[in-house]
Amino acid sequence: MKKTGLLIDNQKPDRLRIFKMMEASCELAIQKGRHELEKGCNCIACVNKRKRILYPSEQKWKFRL
């Protein structure tokens with residue numbers, strides 16, 4: 001069995017890759033500004049819109065904004 005330190009060291013590149021992908025998608029959203037859901041767009045706004053469409057919330061919200 002591996003030591004905990006080795007597992008954490010092995011996970012660092014994967015975590016760094018995820019953070020870079022998130023930063024890139026946020027920068028793309030800033031560059032594009034407000035826009036409708038586009039097919040193939042990987043900005044964070046379109047990704048979140050797609051996720052809401054594919055996996056709608058089953059829970060009823062108690063409050064509204």
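Residues numbered from 1 in each chain as written. Predicted model: local features only at pLDDT ≥ 70, side-chain atom pairs only at ≥ 80, totals over all residues. Heavy atoms only, no water.

Caption draft 1: Up close: the overall build of the chain. Looking only at helices and strands, one finds two helices and zero strands in the chain. Counting across all 65 residues of the chain, residues that qualify as buried make up 9%. Here the chain displays about 6800 Å² of accessible surface, and carbon together with sulfur accounts for 60% of that area. (Helix = DSSP H or I, 4+ residues; strand = E, 2+ residues; numbered from the N terminus. Buried < 20%, exposed > 50% of the residue type's maximum accessible area, 1.4 Å probe, protein only. Areas by Shrake-Rupley, 256 points an atom, 1.4 Å probe, with all protein chains shown as cover.)

Caption draft 2: Geometry of a nonpolar patch on the surface. Together, Ile18, Phe19, Met21 and Met22 make up an exposed nonpolar region whose accessible area comes to about 420 Å². For Met22, the location among the structural elements is in helix α1 (residues 4–32). By relative accessible area, Met22 is classed as partly exposed at 39%. (Patch = residues over 30% accessible without salt bridge, like charges linked within 9 Å, V, L, I, M, F, W, Y side chains within 5 Å. Salt bridge = Lys/Arg side-chain N within 4 Å of Asp/Glu carboxyl O.)

Caption draft 3: View of the environment of Arg34. For Arg34, the location among the structural elements is in the loop between α1 and α2 (44–54). Expressed as a C-alpha distance, the spacing of Arg34 and Ala45, which sit eleven residues apart in the sequence, is 8.6 Å.

Caption draft 4: Structural detail: the side chain of Ser25. Mapped onto the elements of the fold, Ser25 is located in helix α1. For Ser25, the residues in contact, after removing those within four places along its chain, are Asn42, Cys43 and Ile44. (Contact = heavy atoms within 4.5 Å.)

Caption draft 5: The arrangement of the state of the cysteines in detail. This structure, assessed with the given rule, holds zero disulfides. The structure places no disulfide on Cys46, whose sulfur is separated from the nearest cysteine sulfur, that of Cys41, by 3.7 Å. For Cys46, a relative accessible area of 0% gives the class buried. (Disulfide = S-S within 2.5 Å.)

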